[in-house]
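# Descriptive analysis of the structure
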Amino acid sequence: MTWGRLVLLALAVVGTVVACSQSAQVVTSTAQIKRAYWGLPQDGPGADVTSLVTCPGGYPCDVFANGPAYNDNRFDLAKRLTVIWTCQPQNFVLSEVATPSFKVRMACVGGAPIVPRRIDIVEASWGGPTSTIDVTQQVRDICGQGPTRCQVPAMAYIFGMPDRLTKTLRIRYTCNGQTTPARQATENSIADLRCEQAADLN
């Protein structure tokens, strides 16, 4: 092998290493609180405690399910803390539900989606076996404009009390305009709307 070919081969190897290191860069993501709720299912709009949640040290941020932090000294194990936040530039809407004495870790994990796809809410319903209501607009308000992932908390203080029994949140949505299988979540859990496909992960 000539000296010229050795130089070309070395440059090709260096170029490959640089390309790999560039593609593996971690995306710096910024978290921002969207909404926070504390209380019982029947609390409705009164459960909104967004103005009482602060992260003086920045993000990641621990938000505790502690009644006195929300001007509530009546202990009740049935109460729940729900926090919804966004992650940019990935355009994620993430959420978590915590029981009393636990916490929500408000943080952004992972990089940008391999193939970002826009989520649009088609329709959503909320209720139990005897009564169901349309909550399409409320789900759209949570997800915002075209996220690439949206976690919607199935909480009665967000969507109302159409049924005294355990309720279910059902959501139909599209990914880049293409219909996907519907998602659902039982009360006090999370409906995780994603658009990743098996081919993206291979």
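Just above, that's the structure.
The structure reproduced in this document is the subject of the present report. Small disclaimer: the values here were computed from a predicted structure and weren't measured.

## What about the overall build of the protein chain?
Along the backbone of the protein chain there are three helices and twelve strands. The buried share among the 202 residues of the protein chain stands at 40%. Partitioning the contacts of the protein chain with sequence separation of at least 6, the portion at a separation of at least 24 is 60%. A total accessible area of about 11,500 Å² is found for the protein chain, and carbon and sulfur atoms account for 55% of it.

## Points about the state of the cysteines
A covalent bond bridging the sulfur atoms of two cysteines is what the word disulfide describes. The final tally for this structure, using the stated rule, is four disulfides. Bridging cysteine 87 to cysteine 108, the disulfide has an S-S length of 2.0 Å. Between cysteine 87 and cysteine 108, the S-S torsion sits near -95°, and that sign places the bridge as left-handed. Residue cysteine 87 is located in strand β3 (residues 80-88), and its partner cysteine 108 is located in the loop between β5 (103-106) and β6 (119-127); the two are separated by 21 residues in the primary sequence. With relative accessibility at 23%, the residue cysteine 108 sits in the partly exposed group.

## Notes on unusual backbone geometry
Of note, the amide linkage connecting tyrosine 59 to proline 60 takes the cis form, showing an omega dihedral of 0°. By secondary structure assignment, the location of proline 60 is in the loop between β1 (30-39) and β2 (61-64). Here the residue pair glutamine 88 and proline 89 is connected by a cis peptide bond, since its omega of 15° sits within 30 degrees of zero. Within the secondary structure, proline 89 is located in the loop between β3 and β4 (92-98). Even without a glycine there, the phi angle at serine 101 is positive, about 80°. Look at serine 101 and you get exposed, because its relative accessible area is 65%. Positive phi is not limited to glycine here, since asparagine 188 has a value of about 75°. The exposure class of asparagine 188 is partly exposed, given its relative accessible area of 36%.

## Regarding the nonpolar core
Core analysis: the biggest nonpolar cluster contains 28 residues, and Val139, Val152, Phe159, Leu169, Ile171 and Leu193 have the highest contact counts within it. Those residues within four positions of leucine 169 in sequence are excluded, and the remaining contacts are Ser125, Trp126, Val135, Val139, Val152, Pro153, Ala154, Phe159, Arg183, Gln184, Ala185 and Ala191. Of all hydrophobic cores here, the second largest spans 20 residues; its members include Cys61, Leu94, Ala98 and Val104.

## Details of the pairing of strand β12 (residues 190-194)
Only one face of β12 is covered, namely the face carrying Ala191 and Leu193; the face carrying Ile190, Asp192 and Arg194 is uncovered. Inspection of the sheet shows strand β8 (residues 149-153) paired to β12 by five bridges, in the antiparallel sense. Counted as the bridge partner of arginine 149 is arginine 194 from β12.

## Points about the environment of leucine 40
With respect to the helices, strands and loops of the structure, leucine 40 is situated in the loop between β1 and β2. Along the chain, leucine 40 and aspartate 76 lie 36 residues apart, while their C-alpha atoms are 8.6 Å from each other. If we skip the residues at most four places from it in the chain, leucine 40 touches Asp76, Ala78, Lys79 and Tyr157.

## Observations regarding the sheet that holds β4
If you walk across this open sheet you meet the five strands as β1-β3-β4-β8-β12, and the pairing is mixed. Where the open sheet ends on each side, the last strands, each with one partner, are β1 and β12. Strand after strand, the sheet turns through a mean of 20° between neighbouring axes, direction not considered. In this fold helix α2 (residues 136-143) packs onto β1, β3, β4, β8 and β12, with an angle of close to 125° to the strand it touches most, β8.

## Overview of the pattern of salt bridges
Applying the stated criterion across every chain, the model contains ten salt bridges. Across the pair lysine 103 and aspartate 62 runs a salt bridge whose closest N-O atoms are separated by 3.2 Å. On the criterion of sequence distance, the pair formed by lysine 103 in strand β5 and aspartate 62 in strand β2 is long-range, its members being 41 residues apart. Among the residues examined, lysine 103 registers a relative accessible area of 39% and is labelled partly exposed. By relative accessible area, which is 26% here, aspartate 62 ends up partly exposed. With a shortest N-O distance of 3.3 Å, arginine 172 and glutamate 123 are connected by a salt bridge. Taken together, the residues span a long stretch of sequence, with arginine 172 in strand β9 (residues 168-175) and glutamate 123 in strand β6 at a distance of 49 residues. Its relative accessible area of 35% is what places arginine 172 among the partly exposed residues. Exposure remark for glutamate 123: the relative accessible area of 39% places this residue in the partly exposed category. One network of salt bridges, with partners in common, ties together Asp62, Lys103 and Arg105.

The rules behind these values
Residues numbered from 1 in each chain as written. Predicted model: local features only at pLDDT ≥ 70, side-chain atom pairs only at ≥ 80, totals over all residues. Heavy atoms only, no water. Helix = DSSP H or I, 4+ residues; strand = E, 2+ residues; numbered from the N terminus. Buried < 20%, exposed > 50% of the residue type's maximum accessible area, 1.4 Å probe, protein only. Contact = heavy atoms within 4.5 Å. Areas by Shrake-Rupley, 256 points an atom, 1.4 Å probe, with all protein chains shown as cover. Disulfide = S-S within 2.5 Å. Core = buried A, V, L, I, M, F, W, Y, C linked by side-chain atoms within 4.5 Å. Pairing = 2+ DSSP bridges. Axes fitted to C-alpha atoms, helices over the stretch in contact; angles between N-to-C directions. Salt bridge = Lys/Arg side-chain N within 4 Å of Asp/Glu carboxyl O.

Function-wise, these values are silent; they only describe arrangement.
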